[in-house]
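# Fold and contact review
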Amino acid sequence: MPQDPLSAGTLYVVATPIGNLSDLSVRATEVLREVDVIACEDTRTTRPLLAVHGITGKTIALHEHNERDASSKLVEALKAGKSVALVSDAGTPAISDPGALVVAAAHQAGLRVVPIPGANAAIAAYCASGFLAERFVFAGFLPASQGARRKAISALDAECPVILYEAPHRILACVEDLAALLGSDRELVIARELTKKFEEVVRLPLGAAKSWIEAGTHRQQGEFVLVLGPKPTDTQADEGDAERVLRILLEDHSVSDAARIAARLTGGSKNGLYERALAISADLPAIKPRKPR
Ligand code: SAM
């Protein structure tokens, strides 16, 4: 049951599942059951969901082509004391989906707006990404044409994770452009078909993303969220350089010689590099230093 009884003249912004129908919350179910009107992005998509939950309320369409007109009508209904639920085809309304216009119109008319939170593909992918960050950017869909997409990628080269939505027929071109512009070492999480039967979430360097997608024809089908890892900080970049230098030196030098030379080349601490070189040579016996000739 909702914590409060349904309020007259209130617009409820209700999240619906992004795949798994069980992700409709108890509160969302109750609100959808009780409201006077359910405004749907596409009534044909929402009615089956309502049917699964035994909800038979009145539905009307509110989509990108009639949003302005439908919003005025809904505001009139709200002013007359009706309660209205707003849903999109999947996930949270007004996030890369219609809804913001009617919400803004409700605020302008002094009406109450109540969010009923639930599924959202961006947040689902982000929480499964494992990027340690205080903040993230949600950039939605990138432009469809390559020129505009490349420009947008260059502009979003953020120092925090960036969440993107992408269509299946552009997923390959998108990861190729990301790798070309941001470098093949940058990390990426590909979250495919979240909450559905064939869900996949992988974290890999951008340079490996194309092969992962090409590994199966199904990997260019379905729905995708990409979470781009943050741009490495200068310290991380320096550590990456030092690691690369050590690995090369360890092919021909002892641990202490590799650490000494790496310290001169990178300006890093000899002790720190010695510890790192020890760990590398222990982890990778195949590249242990050759015996001095
Ligand atoms: N409002 C929705 C939400 O809250 O996530 C997003 C709507 S947007 C029009 C649709 C895009 O969201 C898809 O193209 C895909 O990028 C992403 N998406 C939606 N459902 C998804 C899922 N189950 N798995 C992966 N991505 C999904």
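Residues numbered from 1 in each chain as written. Predicted model: local features only at pLDDT ≥ 70, side-chain atom pairs only at ≥ 80, totals over all residues. Heavy atoms only, no water.

## Some details on the site of the ligand
Around the ligand lies a shell of 19 residues, among which Thr92, Ile95, Asn120, Tyr165 and Phe224 are the nearest. For the ligand, an oxygen atom lies 2.9 Å from a polar atom in the backbone of alanine 121. For the ligand, whose unbound accessible area comes to 570 Å², protein coverage reaches 90%. Those elements giving two or more residues to the shell around the ligand turn out to be β7 (162-166) and β10 (224-228). Grouping the constituent residues of the shell around the ligand by class yields ten nonpolar, four polar and five charged. Looking at which domains feed residues into the shell around the ligand, each of domain 1 (10-119) and domain 2 (122-228) gives three or more. (Near = heavy atom within 4 Å. Polar contact = N/O pair within 3.5 Å; in protein donor to acceptor, adjacent residues only side chain to side chain. Areas by Shrake-Rupley, 256 points an atom, 1.4 Å probe, with all protein chains shown as cover. Helix = DSSP H or I, 4+ residues; strand = E, 2+ residues; numbered from the N terminus. Nonpolar A, V, L, I, M, F, W, Y, C, P; charged D, E, K, R; others polar. Domains from an automatic or database assignment.)

## Details of the sheet that holds β10
A sheet is described by the order of its strands in space; here five strands give the open sequence β6-β7-β10-β8-β9, paired in mixed fashion. Taken across any chain shown, the strands that pair with only one partner, and hence form the sheet edges, are β6 (137-141) and β9 (200-205). On average, adjacent strands in this sheet sit at an angle of 20° to one another, irrespective of strand direction. For β6 and β7, the ladder comprises four bridges, and the chain directions are parallel. The residue bridging phenylalanine 141 from the neighbouring strand is tyrosine 165, located in β7. Contacting β7, β8 (187-192) and β10, helix α7 (residues 171-182) crosses the sheet at an angle of about 5° to β10. Against the sheet, helix α8 (residues 206-214) contacts β8, β9 and β10, and its axis sits at roughly 140° relative to β9. (Pairing = 2+ DSSP bridges. Axes fitted to C-alpha atoms, helices over the stretch in contact; angles between N-to-C directions. Contact = heavy atoms within 4.5 Å.)

## A few points about the pattern of salt bridges
Taken as a whole and judged by the stated rule, the model has 17 salt bridges. Across the pair glutamate 193 and lysine 196 runs a salt bridge whose closest N-O atoms are separated by 3.3 Å. The closest approach of N and O atoms between glutamate 214 and lysine 210, which form a salt bridge, is 3.3 Å. You can see glutamate 214 and its partner lysine 210 sitting in helix α8, four residues apart, about one turn around the helix. For glutamate 214, a relative accessible area of 43% puts it in the partly exposed group. A single network of salt bridges, built from pairs that share partners, joins Arg149, Arg150 and Asp177. (Salt bridge = Lys/Arg side-chain N within 4 Å of Asp/Glu carboxyl O. Buried < 20%, exposed > 50% of the residue type's maximum accessible area, 1.4 Å probe, protein only.)

## Points about the pairing of β8
Of all six residues in β8, five are buried; the element is thus mostly enclosed. In the sheet, β8 pairs with β9 via six bridges, with the strands oriented antiparallel. Of the residues in β9, the one forming a bridge with valine 189 is arginine 203. As paired elements, β8 and β10 share five bridges and run antiparallel to each other. Across the sheet, residue alanine 191 finds its bridge partner in β10, namely valine 225.

## Describing a nonpolar patch on the surface
Taken together, the side chains of Ile123, Phe136 and Phe138 make up a nonpolar region of the molecular surface, amounting to roughly 250 Å² of accessible area. Position of phenylalanine 136 relative to the elements: it lies in the loop between α5 (121-127) and β6. Phenylalanine 136 gets classed as partly exposed once you look at its relative accessible area, which sits at 35%. (Patch = residues over 30% accessible without salt bridge, like charges linked within 9 Å, V, L, I, M, F, W, Y side chains within 5 Å.)

Functional significance is not addressed by these values, which are geometric in nature.
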